[in-house]
Amino acid sequence: MRLGLHPDGFAPRLLNLAQVRGFLLPRLARQVQRTGDPQLSELYAELVSYGVPDRLEPPDPADIALPIRIRHRGIDLSFLNTITTFGAAYDITLEEIAIEAYFPADARTALALRDGAEVVARNNAPSE
């Protein structure tokens with residue numbers, strides 16, 4: 001989150017920065033409130049200091065994915081971001097596990113990823 005929202009990090013590439021902040025900061029605030037974790041509290045304070053919190057409608061609790069729109073090398077790419085958390089009443093360690101995934105949200109993004117993967121594969125192919 002620090003790298004993604006920092007003004008000298010990934011934030012300038014985010015085309016929908018306000019929407020991303022509006023989704024992630026309240027989520028982090030709920031985690032801070034629920035856990036009382038001082039490190040999460042410090043992270044939240046730091047992220048809020050990167051800019052005035054955007055005045056957006058809070059995300060619908062039923063929303064299961066966050067759209068992420070970035071500009072990379074002059075191309076606008078769209079992703080759907082999901083965060084899956086695990087928990088079970090009998091195993092407190094599962095409460096800490098979260099998996100974040102990004103999926104291409106349109107054909108242009110899927111093609112750009114495919115083309116990028118082919119370039120990486122060619123560059124890493126063994127020489128003959």
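Structure first, text after, so check above.
Calculation rules
- Residues numbered from 1 in each chain as written.
- Predicted model: local features only at pLDDT ≥ 70, side-chain atom pairs only at ≥ 80, totals over all residues.
- Heavy atoms only, no water.
- Helix = DSSP H or I, 4+ residues; strand = E, 2+ residues; numbered from the N terminus.
- Buried < 20%, exposed > 50% of the residue type's maximum accessible area, 1.4 Å probe, protein only.
- Areas by Shrake-Rupley, 256 points an atom, 1.4 Å probe, with all protein chains shown as cover.
- Salt bridge = Lys/Arg side-chain N within 4 Å of Asp/Glu carboxyl O.
- Patch = residues over 30% accessible without salt bridge, like charges linked within 9 Å, V, L, I, M, F, W, Y side chains within 5 Å.
- Core = buried A, V, L, I, M, F, W, Y, C linked by side-chain atoms within 4.5 Å.
- Pairing = 2+ DSSP bridges.
- Axes fitted to C-alpha atoms, helices over the stretch in contact; angles between N-to-C directions.
- Contact = heavy atoms within 4.5 Å.
- Phe/Tyr/Trp six-rings, centres within 6.5 Å; stacked < 30°, edge-to-face > 60°.

K.L.:
Looking at this structure, how should I read the overall build of the protein chain?
P.N.:
For the protein chain, the helix and strand inventory stands at four helices and three strands. Ordering the α and β elements of the protein chain from the N terminus gives α-α-α-β-β-β-α. A total of 128 residues make up the protein chain; the buried ones form 19% of that total. As presented, the protein chain carries roughly 9300 Å² of accessible surface, and 56% of it is formed by carbon and sulfur atoms.

K.L.:
Where do I start with the pattern of salt bridges in this structure?
P.N.:
Two side chains carrying opposite charge are able to pair once their charged atoms lie near each other. All chains considered together, the criterion is met by two salt bridges. With a shortest N-O distance of 2.9 Å, Arg2 and Glu46 are connected by a salt bridge. With Arg2 in helix H1 (residues 2–5) and Glu46 in helix H3 (residues 38–49), this residue pair connects regions lying 44 residues apart in the sequence. Since its relative accessible area comes to 42%, Arg2 is described here as partly exposed. Between Asp76 and Arg71 there is a salt bridge whose closest N-O contact spans 2.7 Å. On the basis of relative accessibility, which here comes to 29%, the residue Asp76 falls in the partly exposed class. Overall, the relative accessible area of 41% leaves Arg71 in the partly exposed class.

K.L.:
Where do I start with a nonpolar patch on the surface in this structure?
P.N.:
A contiguous nonpolar patch, built from Phe86, Ile97 and Ile99 and spanning about 260 Å² of accessible area, is present on the exposed surface. Here Ile99 lies in strand S3 (residues 98–104).

K.L.:
Help me understand the nonpolar core in this model?
P.N.:
Grouped burial of nonpolar side chains is what soluble globular proteins tend to show. Counting residues in hydrophobic clusters, the biggest one holds 15 residues, and the most contacted among them are Leu5, Val20, Leu47, Ile68 and Ile70. When residues of this core are assigned to their parent elements, the largest contribution, five residues, is made by helix H2 (residues 17–35).

K.L.:
Sorry, what's going on with the sheet that holds strand S2 (residues 75–85) here?
P.N.:
Sheet strands associate in pairs through backbone hydrogen bonding, adopting either a parallel or an antiparallel arrangement. Here three strands make up an open sheet; going across it, the order is S1-S2-S3 and the pairing antiparallel. Each edge of the open sheet is held by one strand with a lone partner, namely strand S1 (66–72) and S3. Across this sheet, the average inter-strand angle for adjacent strands is 30°, counted without regard to direction. Here H2 sits on the sheet in contact with S1 and S2, set at roughly 130° to S1. Docked against the sheet, helix H4 (residues 107–123) engages S2 and S3, running at close to 90° with respect to S2.

K.L.:
Explain the packing of aromatic side chains to me, please; I cannot follow it from the model alone.
P.N.:
The relative placement of two aromatic rings is captured by the distance of their centres and the angle of their planes. Scanning the entire structure with this criterion turns up one aromatic pair. Ring plane angle 85° and centroid distance 6.5 Å describe the contact between Phe79 and Tyr102, whose orientation is recorded as edge-to-face. On the criterion of sequence distance, the pair formed by Phe79 in strand S2 and Tyr102 in strand S3 is long-range, its members being 23 residues apart. Of the residues examined, Tyr102 reaches a relative accessible area of 45% and is grouped as partly exposed.

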